[in-house]
Amino acid sequence: MRTTSRYRAAARTIAVIGVVSLAAACAGSGGTGGEGATTGGATGGYPEQNITFVVPFSAGGPTDTVTRMIADPMAAKLGAKIVVQNAEGAGGTVGAGEVARAEPDGYTVLMHHIGMSTAPALYKDLGYKPLESFQMVGLVTEVPMTVVARKDFPPASLKDLVTYVKANASKVTLANAGIGAASHLCGLLFQTAAGVKLQEVPYEGTGPALTDLVGGQVDFMCDQTTNTSGQISAGEVKAYAVTTPERVKSLPDLPTTAEAGLPQLEVSVWHGLYVPAGTPQDVVQKLSDALKAALADQKVVDQMAKLGTAPVPAEDATPQAHKAKLEEQLATWAKVIADAGVKAS
Amino acid sequence: MELLDNLALGFSTALLIQNVLYCFVGVLLGTAVGVLPGIGPTATVAMLLPITFSFEPVTALIMLAGIYYGAQYGGSTTAILINLPGESSAAVTALDGHEMARQGRAGAALAAAAVGSFVAGTVATVVLAVAAPPLARVALTFGPAEYFSLVLFGLIVSITLARGAPLKALAMIALGVLFGTVGQDLYTGTPRFVFGQRELYGGIDFVSVAVGMFGVAEILRNLENEHTRTAIVGKVRNLWPTREDRRRIVGPILRGTGLGSALGVLPGGGHVLASFTSYAVEKRISKRPQEFGRGAIEGVAGPESANNAAAQTSFIPLLTLGLPAHPVMALMVGAFIVHGITPGPNVITEEPALFWGLIASMWIGNVLLVLLNLPLIGIWVRMLRIPYQVLFPMIILFAAIGTYSLEFNAFDVYAIVFFGILGYILIKCGCEPAPLLLGFVLGPLLEENLRRALIISRGDASVFVTRPISAVLLAVAVAALVITVLPAIRRRRETVFTEEE
Amino acid sequence: MERRRSLPDVLAGGIFVLIGGAFVVGALGYELGTPLRMGPGAFPMLVGATVAALGLAIVLKGLVAGEVIPFGPIPWRAVAVIVLALVFFGFTVRGLGFVPASAVTALLTTLASSRVRPLTAVAVAAGLTAAGTLIFVVGLQLRIPLLGPWLGF
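About the cut-offs
- Residues numbered from 1 in each chain as written.
- Chains lettered and ligands numbered in written order.
- Predicted model: local features only at pLDDT ≥ 70, side-chain atom pairs only at ≥ 80, totals over all residues.
- Heavy atoms only, no water.
- Helix = DSSP H or I, 4+ residues; strand = E, 2+ residues; numbered from the N terminus.
- Rg over C-alpha atoms; globule rule 2.2 N^0.38 Å.
- Buried < 20%, exposed > 50% of the residue type's maximum accessible area, 1.4 Å probe, protein only.
- Contact = heavy atoms within 4.5 Å.
- Buried area = accessible area lost by both parts, 1.4 Å probe.
- Salt bridge = Lys/Arg side-chain N within 4 Å of Asp/Glu carboxyl O.
- Disulfide = S-S within 2.5 Å.
- Core = buried A, V, L, I, M, F, W, Y, C linked by side-chain atoms within 4.5 Å.
- Pairing = 2+ DSSP bridges.
- Right-handed = clockwise from strand over helix to strand, strands pointing away.
- Phe/Tyr/Trp six-rings, centres within 6.5 Å; stacked < 30°, edge-to-face > 60°.
- 1 Å grid on protein atoms, 1.4 Å probe; cavity = no way out; pocket = protein on both sides within 12 Å on 5 of 7 lines; lining within 4 Å.
- Points joined across faces, edges and corners; volume = space filled by probe spheres on them.
- Nonpolar A, V, L, I, M, F, W, Y, C, P; charged D, E, K, R; others polar.

(A) Focus on the overall build of chain B. Of the regular secondary structure elements, chain B holds 21 helices and two strands. For 501 residues, the compact-globule estimate of 2.2 N^0.38 gives 23 Å, and chain B sits close to it at 22 Å. Overall, the C-alpha framework of chain B stretches about 70 × 55 × 50 Å when taken along its three principal axes. The buried share of chain B, taken over its 501 residues, is 68%.

What follows is the structure in structure tokens.
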């Protein structure tokens, strides 16, 4: 008898757990239904099942945000559900490696940023080769970066900054969000462009780095507009320049590095889509067409504008343009990183 | 009365029907994931983030925040019932909370945790509303040197988490710090102690260590004497705290709330320290320190209050400066951006309805949580009646699934095995696991800030004593070490003598 | 009885010495750096040495005046079965899929108790697999296939 009542208690408890999980299910699937599962008419052949977009960085980060923005319109165009999956680790190389080893059938797609071109220089035994292990689908967006400093940092302009850091090279500190992060790469390029070697202070991500910059613990850094524009417009940090050939709409008063006299400092966090090498050409073409359609979507344009960026022009959302960009960037960063003597493993 | 106007604006926003609804969904989900081992608030927020893209911004943020502090509530439930902490703060709750459950007082422990959390949440909401901007400025004066000293202080304080020999506790803390060094070195990118496995580059997962050292080790302990011991839990004595309990938890709740509110503001790991600093304080000032670790209700009420207060004030840097103090908040920054709000100091002036609405919703969320949790206590306590032959496979299976689901990384599951066996042997040898867990959480912060402070000071170690806040913290740390170790030695001598008589 | 030898103390201390020492040896393989720029090896070396030193102190104290702790029996069957279950789960969840991996893991784990009857074990395993699927896959939308590629899906 005792055993029976015990098992009944167990059953009740499992029922409670079930109710809680059902509540979770309702919240989960209800929302997904409203937002994600866009299934339209298929065009025959590919795609016949859900497509997974692998983001090799954490959810909620800039790359993840961009991926989720384009996933919906792409899903609508392709007529299949797109599932975004985060596989972070080791500067994006874990997720990239997973996709490189995946079936080349077009159902596993990688979204990667500038890190694709820097990983071979930073990591040994990568397990994949950017140009050979992947088939490029197209570029997505190029996020501009900004050079910012603590607000009481003496230099008033980018030119002043270069003169100042040269004169005080042993005292100035340059923050970044960790080895291989966009802010680290931009900082390396700044040092090369300015011809100076500075003391770098790495942080675990942008948040803590920016916190110490606002708090005046470190002198300056270079980071994506996504992260800095709020602090810039509030006057919490001093901004010197934006690192793209054109000014950014959300920060109209900020000169470009070329205008400010340091044209060598040109860098953007470019994003692209990849599939494993060996994926059939017509599948790649379908993905690329869907990407183009998504980038032309006004909603995507608006959302990206809020991030301080914009979709690439249609001719860049192609495998050819993407391949050219990757080749050029691989060469650039191999040199910059070798010159700086950085090695992640 | 500007504050009253602001609060009126906040409550008129937060009390909109869809906001209350999603606040409830948020805290309910938070409680659910807090209760389940493995899946934490960060993973949940990450999964639900895209769903919130279609909401109003304030609704989205209310729900995400609800998940975060709701999980702090839920986490203590698992810690108390089955000795399985999902977060470092819950490891402290498990010490006395699970001991109380074993004595049949799980209901009292859960109620103390819920009431403490509610009081703390209410006070912290007021702190947020009244003093957020100036507190954020104070937090910014903390640089790497200050954080190093603060973390060192925290590590020394965590000796008090053990009831046994301080020497062993110290060794366990240091061992935890050591395991924290596994993974890619932040400063050079060098992978350390990873045996060539890329999956280990991100370090060992906290959940694996906690599930192994607490969950698996505990199960093995319970299976030792299967033939002589039938039930792990004594008869459930009373569901609610007694009058004596209620009297004993008032002080700890108030002190914990104060400590937590203050520490939570610091973005470099302050909220991690809140719960066990509170535990140490309660143990030190208690007239019955020997009860701690053996089911003292103060050891549940204080840390739980501190933890919840800190969870809420840790929103201060995010809300006033746009600077995230926790991975969940980094995700919320993403939510801000997606909704076209640039996170930063301007949110307060440009989006007052959002700012004050979110603050008001936290209090509403706390009310909902207490309404949700108090009736659940009866059900949770009944869960202890599940026969152990069903309960322990459930813990192991759910822990494995939960841990795996974090990163889809089988290494996190293998790590459970390693830490389970290691923990089991060490516990059998009289070494308690809680200090190791805290060393593991705080170790990376210790190293990071030590090295960063030295880079910024050009290798001059005197920064730690020339910067005033850092110097004070170091002095307090040394004092804490002295008063913790000295009486312990004396007391131990006494017990040795009494035993020998 | 003034001096007492404590075997658990010696064992615990030995573990600390072993692990601390292993980390020190490992840290020697990394750059130690300078105080200005501490290398990746410096901190683990320092902490590893601390752990080893504390371990040594515990061993010495254990030989002279240790804590007397009853070590108790070791449930070898439970240790073996739980280790096997967890390793099995980690190794096969991707290949076999969520349901088979969970079912086998649950079944193995129930066998850790020496008092379990086979029928109960099967019932518990089935119930837990169902509950797990409901909570994690249906409820929390976990993206693990229910049946994996090894089974031909």
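Here the narrative resumes.
(B) Main features of the interface of chain B and chain C. Taken together, the contact pairs 73 residues of chain B with 69 residues of chain C. Regarding the contact of chain B and chain C, the summed buried area is about 6,400 Å², with carbon and sulfur atoms giving 78% of it. Its largest share of buried area at the contact with chain C, chain B owes to L178, F193 and K428 of chain B, together 10% of the area lost on that side. For the pair chain B and chain C, the number of links is one salt bridge.

(C) Layout of the state of the cysteines. Residue and element names in this part refer to chain B. The full count for this structure, using the stated rule, is one disulfide over all chains. In this structure C429 is a free cysteine whose sulfur lies 6.3 Å from that of C431, the closest cysteine sulfur available. Classification of C431 by relative accessible area gives buried; the value is 0%.

(D) Expanded view of the nonpolar core. Counting residues in each nonpolar core, the largest one holds 331 residues, and the members touching the most others are I70, M74, F190, F220 and L273 of chain A together with F16 of chain C. Sort the elements by how many residues they give to this core and helix α16 (residues 352-383) of chain B lands first, with 17 residues. Setting aside residues up to four positions removed in sequence, F190 of chain A forms contacts with L158, L161, V162, V165, L198, F220, L262 and L265 of chain A.

(E) The arrangement of the pairing of strand β5 (residues 173-176) of chain A in detail. Residues and elements named next belong to chain A. Alternating positions in β5 separate into two faces, T173 and A175 on one and L174 and N176 on the other, with burial throughout. Examined bridge by bridge, β5 and strand β6 (residues 199-202) share four bridges and lie parallel to one another. Bridged to L174 within β6 is E200. With helix α7 (residues 182-194) bridging β5 and the parallel β6, this β-α-β connection has right-handed handedness.

(F) Just the packing of aromatic side chains, in detail. Residues and elements named next belong to chain A. Under the counting rule described, the total for this entry stands at 23 aromatic pairs over all chains. Judged by centre distance (5.2 Å) and plane angle (80°), the rings of F153 and Y164 are edge-to-face. Taken together, the positions of F153 in the loop between β4 (134-150) and α6 (158-167) and Y164 in helix α6 put the pair eleven residues apart, joining distant regions of the chain. The exposure class assigned to F153 is buried, which follows from its relative accessible area of 1%.

(G) Inspection of empty space enclosed by the protein at higher detail. All names here are of chain B. Within this structure, the stated rule accounts for four cavities of 30 Å³ or more. Lining the largest cavity are Y73, S76, T77, L110, A113, A114, S117, E304, N373, I377 and W380. Sort the elements by how many residues they give to the lining of the largest cavity and helix α6 (residues 106-140) lands first, with four residues. Of the residues that constitute the lining of the largest cavity, the class distribution is six nonpolar, four polar and one charged. Quantified by volume, the second largest cavity comes out at close to 60 Å³. Taken together, twelve residues line the second largest cavity, and the ones lying closest to its centre are I82, E218, N222, Y388 and I395. Among the secondary structure elements, those contributing two or more residues to the lining of the second largest cavity are α4 (57-82), α9 (206-224) and α17 (388-407). If one sorts the elements of the lining of the second largest cavity by residue count, α9 sits on top with four residues. Looking at the lining of the second largest cavity residue by residue, the class counts come to eight nonpolar, three polar and one charged.

In short, shape yes, function no, at least from these values alone.
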